[in-house]
Amino acid sequence: MRVFLLILAALAVPALADEPVLRPSARLVFKYPAMLQTGQCVVYEEGGSGWVMTDPVYYLKGKVVAAEVRTRHLGKCPAVPGKNIEQYSREEFNRQALAYPCVSTDVPERDEQIGIVRLRVSQWETPHARKAANAGRLYRGMFIDQALKKDMDIELEADLLGVCEQ
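Residues numbered from 1 in each chain as written. Predicted model: local features only at pLDDT ≥ 70, side-chain atom pairs only at ≥ 80, totals over all residues. Heavy atoms only, no water.

1. Observations concerning the overall build of the protein
Looking only at helices and strands, the protein has 3 helices and 9 strands in total. For the protein, buried positions account for 33% of its 166 residues. As displayed, the protein offers around 10700 Å² of accessible surface, 57% of which is attributable to carbon and sulfur atoms. (Helix = DSSP H or I, 4+ residues; strand = E, 2+ residues; numbered from the N terminus. Buried < 20%, exposed > 50% of the residue type's maximum accessible area, 1.4 Å probe, protein only. Areas by Shrake-Rupley, 256 points an atom, 1.4 Å probe, with all protein chains shown as cover.)

See below:
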């Protein structure tokens, strides 16, 4: 009987290895579905770093239209030789942000399950300073490479969002 259980376990391990890994965003969709119900107000925030003098907080606020878990192939992150992310131009940063999540060049490509939330935009505040060009997805009235408009739909990973304060 023990041999049978060992053989069964040995056969099950490769089958489990082929399943896409759950990213934190996918776990959030499963663990707290009420937080991401249709109509729930959510907010995406950037900035606010610093202990004494904090950076301003920029945000995008909207209502959940849909939330789902998708399997996504994580390809290689686009790299700009000789530059780190702080030195990227806005176009280079956008290419990186659109490819995210992705894997570094020394890691094999793989599939992962990602929790995606589609939200309808209602309000936003974006930075305009040149130093913010490669600091986040929000910049000069844009979300990555899209001009922000009221009632437009965008998609973000669930773990990047918080519930609006009432």
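Text resumes after the structure shown.
2. Description of the sheet that holds strand β5 (residues 138–139)
Reading across from one edge, β5-β6-β7 is the order of the 3 strands in this open sheet, with antiparallel pairing throughout. Strand pairing shows two members of the sheet lacking a second neighbour, β5 and β7 (146–147), which therefore form its edges. Across 2 bridges, the pairing between β5 and strand β6 (residues 142–143) is antiparallel. Across the sheet, residue Leu-138 finds its bridge partner in β6, namely Phe-143. (Pairing = 2+ DSSP bridges.)

3. With respect to the nonpolar core
Soluble globular proteins tend to bury their nonpolar side chains together. Core analysis: the biggest nonpolar cluster contains 23 residues, and Leu-60, Leu-119, Phe-143, Ile-154, Leu-156 and Leu-161 have the highest contact counts within it. Among the secondary structure elements, those contributing two or more residues to this core are α2 (24–31), β2 (41–47), β3 (57–74), α3 (90–99), β4 (110–125) and β8 (153–157). For this core, the leading source of residues is β4, giving 3 residues. When sequence neighbours within four positions are dropped, the list of residues in contact with Ile-154 reads Leu-60, Val-117, Arg-118, Leu-119, Val-121, Phe-143 and Gln-146. (Core = buried A, V, L, I, M, F, W, Y, C linked by side-chain atoms within 4.5 Å. Contact = heavy atoms within 4.5 Å.)

4. Side note on the pattern of salt bridges
Enumeration according to the criterion identifies 8 salt bridges in this entry. The salt bridge involving Glu-157 is made with Arg-23; its shortest N-O contact spans 3.3 Å. Here Glu-157, found in strand β8, pairs with Arg-23, found in the loop between β1 (21–22) and α2; they are 134 residues apart in sequence, far enough to count as distant. Residue Glu-157 shares its accessibility class with Arg-23, and that shared class is buried. Three or more residues are tied together by salt bridges with common partners; here these are Arg-23, Arg-110, Glu-112 and Glu-157. (Salt bridge = Lys/Arg side-chain N within 4 Å of Asp/Glu carboxyl O.)

5. Concerning the packing of aromatic side chains
One pass over the structure, following the stated rule, counts 1 aromatic pair. Judged by centre distance (6.5 Å) and plane angle (90 degrees), the rings of Tyr-44 and Phe-143 are edge-to-face. Of this pair, Tyr-44 sits in strand β2 while Phe-143 sits in strand β6, placing them 99 residues apart in sequence. Accessibility assignment for this pair places Tyr-44 and Phe-143 in one class, buried. (Phe/Tyr/Trp six-rings, centres within 6.5 Å; stacked < 30°, edge-to-face > 60°.)

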